[in-house]
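# Residue-level structure breakdown
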Amino acid sequence: MTQGTPAGSPRHHWVVRVTHWVNVVALSLMVGSGLRIFNAYPAFARKGETFCCYPFEGMAIPSWLTFGGWLAGARQWHFAMMWVLVVNGLIYMAWVYLHGEWRDLVPRRGDLRDSVEMVKYYAFVRKDHPRQGKHNALQKAAYFALPWIALLTVVSGIAIWKPVQFAGLTDLLGGYTWARYWHFVSMVAVVAIAVGHVFMVFAVDPYALRSMTTGGWSERLSPEARNARPFINLKL
Amino acid sequence: MNRREMIAAAGATFGSALLTACDSTGPARAAGALTFAQHKNETLERALFSHRSRDRVAPGVGVAGDKFPSYFISDRVPIWDAAMRGAWRLEVGGMVSRPMAFSLDDLMRLERQTQRVNHYCVEGWTAVADFTGVPVSALAAACGVDPASRFVDFESFDDGYHESWDIESAMHPQTIIVYGKDGSPLSAAYGAPARVHSPVKYGYKNTKYLTRVMFLPAANGGYWSDRGYEWYGGL
């Protein structure tokens, strides 16, 4: 039996549903325009130097992954959409905090063990779906980590936006070159979590599309009730 | 249409919309909103700007030397043709009480400043150089700039290239009229006889091959600013 969502109430509050889908659009446009900006210099090395930690120096990102058309166009989108992303993110975080929803997301003692159990279950080592609250332990880890990684993307973004006015912040991140690197690496981490998330939605819990849109859901369709693994027991 | 077909159709529509959107400049209707955001951003950036801010190059970081990219818009490296155009002079005019024309020697006799700074290109790369020159603020003082002047236009002989700035950025202590790079006279590849350089503006704002510095009551656009890049271009 899944706990954390009282019967009859929407699985996700409308604030969560709205900010989730605004985030889908804003994040996609930020990543796409960011990659288009990156393609103007798809490397990290300061001129006349080499960079230790990026194996793909000089290799452009495929244009179908980019947005904005050209450098100036992408910059316009990036510096406009950043406000949507940040304000939307702040609304979500404030709501999660004030409404107590953070209790479903913060790590607790035993989450590590539960994560191992989830991995064992998905790997067919364990037969039955582990008991869970609103989210399973792996989901909790992803949803909890995401805002913190996104915070690093935002802070490093501010550092490369104003490396002279906020020289102290840029120095804190190791200077402009490293701040730009952290901006990129943390973005890749956010995208990796998002891709994993979307994959699991379609492979394990497509009913989440409904609960994240209308809020409607049914306990008997939960992954735990269906004993669902990726592509297994998609239907009841 | 059952629910599954509906989800599939919605997914296909969304997916193809995304694919069409890829690497496009986005819907034309967004242009107004983007321009609005850019203006609001500029207001914020100008509020954040401080003359106490300094670009810092970490100790131990050397200059890029000839790895410093060379860039100009003419087909060939622009070189001042003294036989055709007379001796090179840097004119300072507009809203000043003493319009002047400086020879290179004149500039070198003014306050001299050498600084190791980053050059920030809008493309995302940076290059470090030791630049030597005269602060624009010293030039402004020498010519008696009208306090009502709010903008400065830096003009060049590189095929009409110019970029106008807000006066606050031009008066930043690290904004200088450069005539020396890495301990040598500025070479033609990097904007000789003189160029403006400041770490508070992206490279495209830093006009090379200078001919005139005009103090103005209003902004006057610029080569890249008129082609879609932010006019402010500040760091």
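Residues numbered from 1 in each chain as written. Chains lettered and ligands numbered in written order. Predicted model: local features only at pLDDT ≥ 70, side-chain atom pairs only at ≥ 80, totals over all residues.

### A word on the overall build of chain A
Counting its secondary structure elements, chain A contains 8 helices and 0 strands. Put simply, chain A runs from its N terminus to its C terminus through helices and strands in the order α-α-α-α-α-α-α-α. Dimensions of chain A along its principal axes, counting C-alpha atoms only, are 60 × 35 × 35 Å. Scored against the burial criterion, the 236 residues of chain A give a buried share of 32%. Within chain A, contacts between residues at least 6 apart in sequence are counted, and of these 63% link residues at least 24 apart. (Helix = DSSP H or I, 4+ residues; strand = E, 2+ residues; numbered from the N terminus. Buried ≥ 20, exposed ≤ 12 C-beta atoms within 10 Å, placed from the backbone. Contact = placed C-beta atoms within 7 Å.)

### A few points about the packing of helix α1 (residues 14–38) of chain A against helix α2 (residues 71–98) of chain A
All names here are of chain A. Relative to each other, α1 and α2 sit at 150°, their axes nearing to 8 Å. Between α1 and α2, the crossing angle belongs to the class labelled roughly antiparallel. Crossing of α1 over α2 shows left-handed handedness. Classifying every residue of the contact of α1 with α2 by side-chain character gives 18 nonpolar, 6 polar and 2 charged. (Axes fitted to C-alpha atoms, helices over the stretch in contact; angles between N-to-C directions. Parallel < 35°, antiparallel > 145°, perpendicular 65-115°, else oblique. Left-handed = near helix turned anticlockwise from the far one by under 90°. Nonpolar A, V, L, I, M, F, W, Y, C, P; charged D, E, K, R; others polar.)

### Digging into unusual backbone geometry
Cis geometry is adopted by the peptide bond preceding Pro193(B), which originates at Ala192(B) and carries an omega value of 5°. By the element assignment, Pro193(B) lies in the loop between β8 (184–185) and β9 (195–197). Positive phi, close to 55°, is recorded for Asn227(A), a residue that is not glycine. Given 12 C-beta atoms within a 10 Å radius, Asn227(A) is considered exposed. Positive phi is not limited to glycine here, since Phe231(A) has a value of about 65°. Given 9 C-beta atoms within a 10 Å radius, Phe231(A) is considered exposed.

### As for the packing of α2(A) against helix α2 (residues 31–48) of chain B
Any two packed helices are characterised by the angle at which their axes cross and by the distance between the axes. For the pair α2(A) and α2(B), interaxial distance at closest approach is 9 Å and the crossing angle is 75°. Taken together, the axis directions place α2(A) and α2(B) in an arrangement best described as roughly perpendicular. Across the interface between the two elements, Gln76(A), Trp77(A), Phe79(A), Ala80(A) and Trp83(A) of α2(A) pack against Ala33(B), Leu34(B), Ala37(B), Gln38(B) and Asn41(B) of α2(B).

### Thoughts on the interface of chain B and chain A
Facing 39 residues of chain B, the contacting portion of chain A comprises 33 residues. Going through the elements one at a time, α1 (3–21), α2, β3 (113–120) and β4 (126–135) of chain B are the ones with two or more residues in the side of chain B that touches chain A. Considering every element that reaches the side of chain B that touches chain A, the biggest residue donor is α2(B), with 6 residues. Across the side of chain B that touches chain A, the residue classes tally to 21 nonpolar, 12 polar and 6 charged.

### Points about the nonpolar core
Soluble, globular proteins show a tendency: their nonpolar side chains are buried together. Of all hydrophobic cores here, the largest spans 39 residues; its most connected members are Leu139(B), Val152(B), Ile177(B) and Ala194(B). If you tally residues by element for this core, the top one is β4(B), at 5 residues. Not counting chain neighbours up to four residues away, the residues in contact with Val152(B) comprise Ser164(B), Trp165(B), Ile167(B), Ala170(B), Val213(B), Met214(B), Phe215(B) and Leu216(B). Core analysis: the second largest hydrophobic core is formed by 29 residues, Ile37(A), Ala74(A), Val122(B) and Trp224(B) among them. (Core = buried A, V, L, I, M, F, W, Y, C linked by C-beta atoms within 7 Å.)

### Considerations on the sheet that holds strand β5 (residues 151–156) of chain B
Residue and element names in this part refer to chain B. Within the open sheet, the 5 strands sit side by side as β2-β1-β10-β5-β6. Their pairing is mixed. Strand pairing shows two members of the sheet lacking a second neighbour, β2 (100–102) and β6 (162–166), which therefore form its edges. Adjacent strand axes in the sheet meet at a mean angle of 15° when their direction is disregarded. Two strands pair when backbone bridges link them, and β5 and β6 are joined in this way by 5 bridges, in the antiparallel orientation. Bridged to Asp153 within β6 is Ser164. (Pairing = 2+ DSSP bridges.)

### Thoughts on the confidence of the model for chain B
Detailed reading of the predicted model is not advised wherever pLDDT is low. For chain B, mean pLDDT is 92; residues scoring 70 or higher make up 90% of the total. As a predicted assembly, this complex carries a pTM of 0.91 together with an ipTM value of 0.90. (pLDDT = per-residue confidence, 0-100.)

### Describing the pairing of strand β7 (residues 176–181) of chain B
Residue and element names in this part refer to chain B. Counted residue by residue, β7 has 5 buried out of 6 residues, so it is predominantly covered. Relative to β7, β4 runs antiparallel, the two sharing 5 bridges. Residue Val134 lies in a different strand from β7, and its bridge partner there is Ile177. Relative to β9, β7 is paired through 3 bridges, and the arrangement is antiparallel. Across the sheet, Ile176 pairs through a bridge with His197, a residue of β9. Both β7 and β8 contribute to a ladder of 2 bridges, which runs antiparallel. Bridge assignment links Lys181 to a residue of β8, and that residue is Ser184.

### Things to note about helix α5 (residues 136–143) of chain B
Since the α-helix packs 3.6 residues into each turn, any two residues three or four apart lie on the same face. All names here are of chain B. Buried within α5 we find Val136, Leu139, Ala140 and Cys143. Buried residues along α5 cover an arc of 100° about the axis, so they all sit on one side. Residue Gly144 follows α5 closely and has a positive phi angle near 65°. (Arc of directions from axis to C-beta.)

### Quick word on the environment of Arg36(A)
Residue and element names in this part refer to chain A. Following the sequence through the fold, Arg36 ends up in helix α1. According to the C-beta neighbour criterion, Arg36 is buried, with 27 such atoms within 10 Å. Counting along the chain gives 31 residues from Arg36 to Phe67, while the straight-line C-alpha distance between them is 6.0 Å.

### Some words on the pairing of β6(B)
Burial analysis of β6(B) places 4 of its 5 residues in the buried class, the great majority of the element. Here β5(B) folds back onto β6(B), and the loop between the two strands holds 5 residues, one of which, Asp159(B), carries a positive phi near 55°.

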